[in-house]
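Here is how the chains run, residue by residue.
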Amino acid sequence: LAKTTQPISMDSYEGQEVNITCSHNNIATNDYITWYQQFPSQGPRFIIQGYKTKVTNEVASLFIPADRKSSTLSLPRVSLSDTAVYYCLVGDASTDSWGKLQFGAGTQVVVTP
Amino acid sequence: DTAVSQTPKYLVTQMGNDKSIKCEQNLGHDTMYWYKQDSKKFLKIMFSYNNKELIINETVPNRFSPKSPDKAHLNLHINSLELGDSAVYFCASSQGEGGTNEKLFFGSGTQLSVL
């Protein structure tokens, strides 16, 4: 499985932009990069997915450089309700890992007033 | 209008008991999953079913037996519960055949505590 590395935790103040960078050096040609958000006592929630360059939706932006060996999730103007764990995942299209999407430890983002 | 619902929310039981967790999705998805989240927050896939057929069984003990009566339901039965089974179990679904690039929709989890 393509492994990902992301910071364990990040702190921010309300109204700031939070950028979480994820490393995935072994990403395969067919793999997409996906980010999930998890609040306490809830299941993970899909945030955004991308393959290359930049993707933006109403929640976040995802920046992917040309070599695709890393990606950065950008949360604009965070609020207290953005306090959560954020997971970076890379799909693995190899035959023996098909469908086995594994979550790492994620990044705990804490937003304070 | 909950998309993926699982019951119960909390389950406290004694070692050696048998218990079941139920999951239903109303999204019309073809693939359903069970994930286990341990105390360190790692989410590990246990099983996935596509149209009622098992496609992934990720080295889970035989005490765990998933059952999919139809593609909208995937239940998890656990025999002879052990202390190490204590965790949060999440059900999820996806639209396609279960590839790793698919968007997953998760239930709110079942907190299992084995005493």
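For the structure, check the block above.
Note that this is a predicted model, so its numbers are computed, not measured. (Residues numbered from 1 in each chain as written. Chains lettered and ligands numbered in written order. Predicted model: local features only at pLDDT ≥ 70, side-chain atom pairs only at ≥ 80, totals over all residues. Heavy atoms only, no water.)

Asks: Sorry, what's going on with the interface of chain A and chain B here?
Replies: The partner chain B presents 24 residues to the 24 residues of chain A that form the contact. For the interface between chain A and chain B, the tally reads 7 residue pairs in polar contact (both at pLDDT 80 or more). Elements that contribute at least two residues to the side of chain A that touches chain B include exactly strand E3 (33-38) and strand E4 (45-50) of chain A. A class-by-class count of the residues in the side of chain A that touches chain B yields 10 nonpolar, 11 polar and 3 charged. (Contact = heavy atoms within 4.5 Å. Polar contact = N/O pair within 3.5 Å; in protein donor to acceptor, adjacent residues only side chain to side chain. Helix = DSSP H or I, 4+ residues; strand = E, 2+ residues; numbered from the N terminus. Nonpolar A, V, L, I, M, F, W, Y, C, P; charged D, E, K, R; others polar.)

Asks: What is the right way to look at the environment of Met15 of chain B in this model?
Replies: With respect to the helices and strands, the residue Met15 of chain B is situated in the loop between strand E2 (10-13) and strand E3 (19-25). On a C-alpha basis, the gap between Met15 of chain B and Gly84 of chain B in space is 9.8 Å, while along the polypeptide they are 69 residues apart.

Asks: What exactly am I supposed to notice about the sheet that holds strand E8 (residues 84-90) of chain A here?
Replies: Consider a sheet: its strands pair through backbone hydrogen bonds, and that pairing is either parallel or antiparallel. Residue and element names in this part refer to chain A. In spatial order, the strands read E1-E9-E8-E3-E4; together these 5 strands make up an open sheet with mixed pairing. At either end of the open sheet lies a strand with only one pairing partner, and these are strand E1 (9-13) and E4. Taken over all neighbouring pairs, the strand axes of this sheet differ in orientation by 25° on average, direction set aside. As paired elements, E8 and strand E9 (residues 107-112) share 3 bridges and run antiparallel to each other. Within E9, the position partnered with Ala84 by the bridge is Val109. (Pairing = 2+ DSSP bridges. Axes fitted to C-alpha atoms, helices over the stretch in contact; angles between N-to-C directions.)

Asks: Whenever I open this one, the side chain of Ser93 of chain B confuses me. Can you help?
Replies: Residue and element names in this part refer to chain B. Its location among the elements puts Ser93 in strand E9 (residues 87-94). In this structure Ser93 comes out as buried when scored by relative accessible area, which is 0%. Within the structure, the side chain of Ser93 is placed 2.8 Å from the side chain of His29, a separation counted as a polar contact. In this structure Ser93 touches Val4, Gln25, Leu27, His29, Thr31, Met32, Tyr33, Lys103, Leu104 and Phe105, once residues within four positions along its chain are discounted. (Buried < 20%, exposed > 50% of the residue type's maximum accessible area, 1.4 Å probe, protein only.)

Asks: Sorry, what's going on with the side chain of Thr31 of chain B here?
Replies: Residues and elements named next belong to chain B. Tracing the sequence through the fold places Thr31 in strand E4 (residues 31-37). Taking relative accessible area as the criterion, Thr31 reaches 0% and is therefore assigned buried. Separated by 2.8 Å, the side chains of Thr31 and Asn50 make a polar contact.

Asks: Can you walk me through the sheet that holds strand E7 (residues 64-70) of chain B in this structure?
Replies: All names here are of chain B. Judged by pairing direction, the sheet is antiparallel, and its 4 strands sit side by side in the order E1-E3-E8-E7 without closing on themselves. The two strands at the open ends of the sheet, each matched to only one other strand, are strand E1 (4-7) and E7. With direction set aside, neighbouring strand axes in the sheet form an average angle of 20°. With 4 bridges joining them, E3 and strand E8 (residues 73-78) adopt antiparallel strand pairing.

Asks: Help me understand unusual backbone geometry in this model?
Replies: Most peptide bonds take the trans form, and the phi angle of most residues other than glycine is negative. Put simply, Thr7 of chain B and Pro8 of chain B share a cis peptide bond, and its omega is 0°. Residue placement: Pro8 of chain B occurs in the loop between E1 and E2. Residues other than glycine seldom take positive phi values, yet Arg77 of chain A does so here, at roughly 45°. Mapped onto the secondary structure, Arg77 of chain A falls in the loop between strand E7 (70-75) and E8. Judged by its relative accessible area of 66%, Arg77 of chain A falls in the exposed class. Positioned with a positive phi, Ser80 of chain B is a non-glycine residue whose angle comes to about 45°. On the secondary structure map, Ser80 of chain B appears in the loop between E8 and E9. A relative accessible area of 38% means that Ser80 of chain B is categorised as partly exposed.

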